[in-house]
Amino acid sequence: MRTNTLLVMLLGVLFFSSCSFKEKESKASDPIDEKVAELLSKMTLEEKIGQMTQITVTALEKEGSPGEFDKEKLKEAIHKYKIGSILNVPNPGAPTPKRWNEVLNEILQETNATDKKIPIIYGIDAIHGSSYTDGAVLFPQQIGMAATWDPELVEKCTAVSAYETRASSIPWVFSPDLDLPRHPAWSRLWESFGEDTYLSSQMGVAMVNGFQGEDIGKSDRVAACIKHYIGYGSTTTGKDRTPSIIPERVLRQYDLPIYQKSIEAGAKSVMISSGEVNGTPVHASKKLITDILKDELNFKGIVVTDWQDIIYLHTRHKVASTMREAVKKSVLAGIDMSMVPDNYTFFEELFSLVSDGEVPMSRIDDAVSRILRVKFELDLFRTPVTNPEDYPDFGSSSSVALSYIAASESITLLKNTDNILPLSKEKKVLVTGPTANSMKYLNGGWSYTWQGEKSDEYAKDKLTILEAFEAKVGKQNVLYSPGVSIFEEIDIANAVSQARNVDYILLCLGEHNYTETPGDINSLILTKPQIKLAKALSELNKPIVLILNEGRPRIISGFEKNMNAVVQCYLPGNEGARALVDIVYGDVNPSGKLPYNYPRYDNSLQKYNRKYTESLGDEEQNDDADYQRSYSPQYEFGYGLSYTTFEYKNLSVDKVFIDRGDEVNVSIDVQNTGEITGKEVVQLYVRDLFASITPEYKSLKRFKKIELKPGEVKTISFTIQEEDLKFVNENNEWIAESGEFEIMIGELVKKIVLEKEL
Ligand code: BGC
């Protein structure tokens, strides 16, 4: 009654108002909840279940005519099954914004011909730029973004992705990825922010803010989808979609906070992990979806499944003996939308389950309300499709420049013996190796296509590493011989003989383009032909700069000692090669830092925040006795060199003895003690000396990237709270135990004591 009365009054107001007043008034006095409730109250069960159904666009295409809708299939989807969402890319690959606009308009014509005219919410994997739109700016993949250690920069880049995705008429992105990979072989490590909870949380929030801004209804913003909740990146084997074992205590301490921070930042949707945690597929876990995500974390947005994952409860995970049971389990667990993606089993089974009283209408209404709410918030009822002409900055040079900056801030200098880098532009170089002349290795997966195999076609005007070297120092100074492909030998002898004629060898090694299960590997060690090439070249005693272009850290310890310099590029995107070459020649001073431990051995995969027992054996370190070494990464989390040097001095805390609720102000002076301007990431770690759960060796709590001119000193301050001293105890509660803690920045350490005398 109350709602109806309000609505009548509101309609009256709207009728007598001017247009602009009308809009303001409707926002002020007609909150979205009321619009949702009003619409929901008029919807049939079919319409509701349709809203919960998401279909892949290719299932609606005409057979034999890729990229063209089969009108009958589109009508069936929208009029018969009343679907609420579509995802993915029409064939044959990345459409232009104009083409996207046509596709979305065709869909709109059909939804406009329905009774309620509820717009479709279209979703896409725009994970490093609007990566399925031809001409969009492609940024470094997330792992590189993490290596910038600069959340502000990440937010700016993500805002460009939002703009260019909306320019393509798409309002919803399946990004950011908040997985916390525990095995470095995982084929999606590069889609994550690396191994640390705090760094991942900060970066996740930056991306959510970059996508969503203050108001997702604005024409340059999109709804984010944080994924893949939860434990997806933690498979024991490192293989995609295999089981994860994560005790709840551990899940709460390391995995959950990353999601919590992005939810607090307002993330509008969550995608569920295709994996199982402790034997329960997450899609069937009421505890993880309803009790923890929706109730405990108070998540109010849409919970969407991953690809075909309700069907997989029956066919793959075998926890449901029929499709009907699979649908029932997952809807009762709390999923709101099913990425079905290419049939109507979900619709049919759910309709029958509700009709038979096995799934209550309240659960359906909850799901549909969440979906409608986001549609209203995105303003899709008024602006279901955008006009590409309203986006003059699509692919603009300033956005390209931002991608270049992100790449140059991410590229990480891991070794630089005798300051061999930067190189002189007058010297001759050989560019060799399988990743030297390809855009697809620079971009990786989810670039124009799922596996990213078409980057060379779509990004043909962009520079490969070889082309960037030629552009920088002239073709006459650059020789090229690939030597090997990723998996096969081509002509190592030729590469070696060419190397004899140059001053430096730029050895470009790494990985092919991949994502998900096609990227699974059985060994972390770099592929054999690449190692053979590296060893053959190192016999020449010419200086070698190893350039790594890889999604995950492939073991290089078999030949690393023969490399004079090592530069990690990750998957730096379309501007990556330019940034790399500017670093190699010293026009840019490198400032990236590793967001993971780079392993030296494949049975020594500890994280930087290892337990003390994992560090045992350090005193035995000896290169010839590999088996004695325990904690021995090739390069450590947080590590990265610069062409200048920094000195840390005067670490101080404003109090040593602290009570609960107190804040500790920490400050440190950082000086550039070298000859050129450089950027440094000041990293603050905390170490709990003794605790009832074995404490971590150290744990990142704060960081700040700063720029210093030669000789310049900056005082950096951080505030530490009781929260930062907490861990999850055996009762799954966050607690800070009384006792001593160390605050560590660089090599400096200060002790603080919580509620206890020294
Ligand atoms: C992936 C998701 C992605 C979805 C839609 C799945 O296979 O796991 O990350 O968002 O496909 O393309």
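Residues numbered from 1 in each chain as written. Predicted model: local features only at pLDDT ≥ 70, side-chain atom pairs only at ≥ 80, totals over all residues. Heavy atoms only, no water.

**Observations concerning the overall build of the chain**
For the chain, the helix and strand inventory stands at 22 helices and 28 strands. At 27 Å, the chain has a C-alpha radius of gyration in line with the 27 Å of a compact globule built from 758 residues. C-alpha extents for the chain along the principal axes are approximately 80 × 70 × 55 Å. Accessible area of the chain: about 28900 Å², with a carbon and sulfur share of 49%. (Helix = DSSP H or I, 4+ residues; strand = E, 2+ residues; numbered from the N terminus. Rg over C-alpha atoms; globule rule 2.2 N^0.38 Å. Areas by Shrake-Rupley, 256 points an atom, 1.4 Å probe, with all protein chains shown as cover.)

**Describing the packing of aromatic side chains**
Ring pairs (aromatic) are described by centroid distance and by the angle formed between their planes. Throughout the structure, instances matching the rule amount to 21 aromatic pairs. Connected via pairs of aromatic rings, a cluster forms that spans Trp-149, Tyr-198, Tyr-608, Phe-637, Tyr-685 and Phe-703. Sitting above the plane of the Tyr-697 ring, Arg-610 keeps its charged end 3.7 Å from the centroid. (Phe/Tyr/Trp six-rings, centres within 6.5 Å; stacked < 30°, edge-to-face > 60°. Lys NZ or Arg CZ within 6 Å of the ring centre and 35° of its normal.)

**As for the layout of surface pockets**
Its boundaries defined by the atoms lining it, the second largest pocket holds a volume of some 720 Å³. What lines the second largest pocket is a set of 26 residues, and nearest its centre among them are Gly-638, Tyr-639, Tyr-648, Gly-746 and Glu-747. Among the secondary structure elements, those contributing two or more residues to the lining of the second largest pocket are β19 (646-653), β22 (678-688), β27 (739-745) and β28 (748-754). With six residues, the single largest contributor to the lining of the second largest pocket is β22. Across the lining of the second largest pocket, the residue classes break down as 13 nonpolar, seven polar and six charged. (1 Å grid on protein atoms, 1.4 Å probe; cavity = no way out; pocket = protein on both sides within 12 Å on 5 of 7 lines; lining within 4 Å. Points joined across faces, edges and corners; volume = space filled by probe spheres on them. Nonpolar A, V, L, I, M, F, W, Y, C, P; charged D, E, K, R; others polar.)

**Brief notes about the domain arrangement of the chain**
Looking at the chain, the domain boundaries give domain 1 (30-389), domain 2 (411-613) and domain 3 (646-754). A straight line from the C-alpha centre of domain 2 to that of domain 3 covers 34 Å. Counting residues at the interface gives eight residues for domain 2 and 17 residues for domain 3. Around 1100 Å² of area is buried between domain 2 and domain 3 when both sides are counted, 50% of it from carbon and sulfur atoms. At the surface where domain 2 touches domain 3, the tally comes to one salt bridge. With a shortest N-O distance of 3.0 Å, Glu-680 and Lys-593 are connected by a salt bridge. Joining domain 2 to domain 3, the criterion identifies eight residue pairs in polar contact (both at pLDDT 80 or more). Here the residues of the side of domain 2 that touches domain 3 sort into two nonpolar, three polar and three charged. (Domains from an automatic or database assignment. Contact = heavy atoms within 4.5 Å. Buried area = accessible area lost by both parts, 1.4 Å probe. Salt bridge = Lys/Arg side-chain N within 4 Å of Asp/Glu carboxyl O. Polar contact = N/O pair within 3.5 Å; in protein donor to acceptor, adjacent residues only side chain to side chain.)

**Some remarks on the packing of helix α13 (residues 323-333) against helix α14 (residues 345-355)**
One can describe the packing of α13 onto α14 by two numbers: an axis separation of 9 Å at closest approach and a directional angle of 75°. For the element pair α13 / α14, the angle class is roughly perpendicular. Contact with α13, carried on its side by Met-323, Arg-324, Val-327, Lys-328 and Val-331, involves Thr-345, Phe-346, Glu-349, Leu-350, Ser-352 and Leu-353 of α14 and no other residues of that element. Across the contact of α13 with α14, the residue classes tally to six nonpolar, two polar and three charged. (Axes fitted to C-alpha atoms, helices over the stretch in contact; angles between N-to-C directions. Parallel < 35°, antiparallel > 145°, perpendicular 65-115°, else oblique.)

**Here's the deal with the sheet that holds strand β21 (residues 663-672)**
Strands pair in a sheet through their backbones, by hydrogen bonds, and they do so in one of two ways: parallel or antiparallel. With antiparallel pairing, three strands are arranged side by side in an open sheet as β19-β21-β24. Strand pairing shows two members of the sheet lacking a second neighbour, β19 and β24 (713-721), which therefore form its edges. Neighbouring strand axes in the sheet, compared pairwise and without regard to direction, differ in orientation by 20° on average. Relative to β21, β19 runs antiparallel, the two sharing six bridges. Looking across to β21, one finds that Tyr-648 is bridged to Val-670. (Pairing = 2+ DSSP bridges.)

**Things to note about empty space enclosed by the protein**
Counted under the stated rule, the structure contains nine cavities of 30 Å³ or more. Of the volumes computed, that of the largest cavity is approximately 200 Å³. The set of elements that each furnish at least two residues to the lining of the largest cavity consists of α10 (248-264), β22 and β23 (699-708). A class-by-class count of the residues in the lining of the largest cavity yields seven nonpolar, three polar and nine charged. Summarising the domain contributions, the lining of the largest cavity has at least three residues from each of domain 1 (30-389) and domain 3 (646-754). Volume-wise, the second largest cavity comes out at about 120 Å³.

**Concerning helix α9 (residues 197-212)**
Between the first and last C-alpha of α9 there are 22 Å, a value that for 16 residues agrees with the 22 Å anticipated at 1.5 Å per step. Burial within α9 is extensive, with 13 of its 16 residues counted as buried. The backbone nitrogen of Tyr-198 has a side-chain oxygen 3.0 Å away, supplied by the residue at the start of α9, namely Asp-196. Backbone geometry just downstream of α9 places Gly-213 in the positive-phi region, at approximately 55°. (Expected span 1.5 Å × (residues − 1). Buried < 20%, exposed > 50% of the residue type's maximum accessible area, 1.4 Å probe, protein only.)

**Description of the site of the ligand**
Taken together, 13 residues lie around the ligand, and Asp-125, Arg-188, His-228, Asp-306 and Glu-516 are the ones closest in. The separation between an oxygen atom of the ligand and a polar side-chain atom of Glu-516 is 2.9 Å. Burial of the ligand by the surrounding chains reaches 95%, relative to a free accessible area of 310 Å². (Near = heavy atom within 4 Å.)

**Looking at the pairing of β21**
Buried residues dominate β21, accounting for eight of its ten residues. Strand direction decides the pairing type here: β21 and β24, joined by nine bridges, are antiparallel. When the sheet's bridge partners are listed, Asp-669 is paired in β24 with Thr-715.

**Description of the sheet that holds strand β12 (residues 338-339)**
Taking strand neighbours across the sheet as the criterion, the five strands line up as β6-β5-β4-β1-β12 in an open arrangement whose pairing is parallel. Edge strands, defined here as strands with exactly one partner in the open sheet, are β6 (172-173) and β12. When strand β4 (residues 85-87) meets strand β5 (residues 121-124), the two strands line up parallel, connected through three bridges. Along β5, the bridge assignment pairs Ser-85 with Ile-121.

**Details of the environment of Pro-281**
In this structure, Pro-281 sits in strand β10 (residues 280-281). Apart from residues no more than four positions distant in its own chain, Pro-281 is found in contact with Gly-275, Glu-276, Leu-313, His-317 and Val-319.

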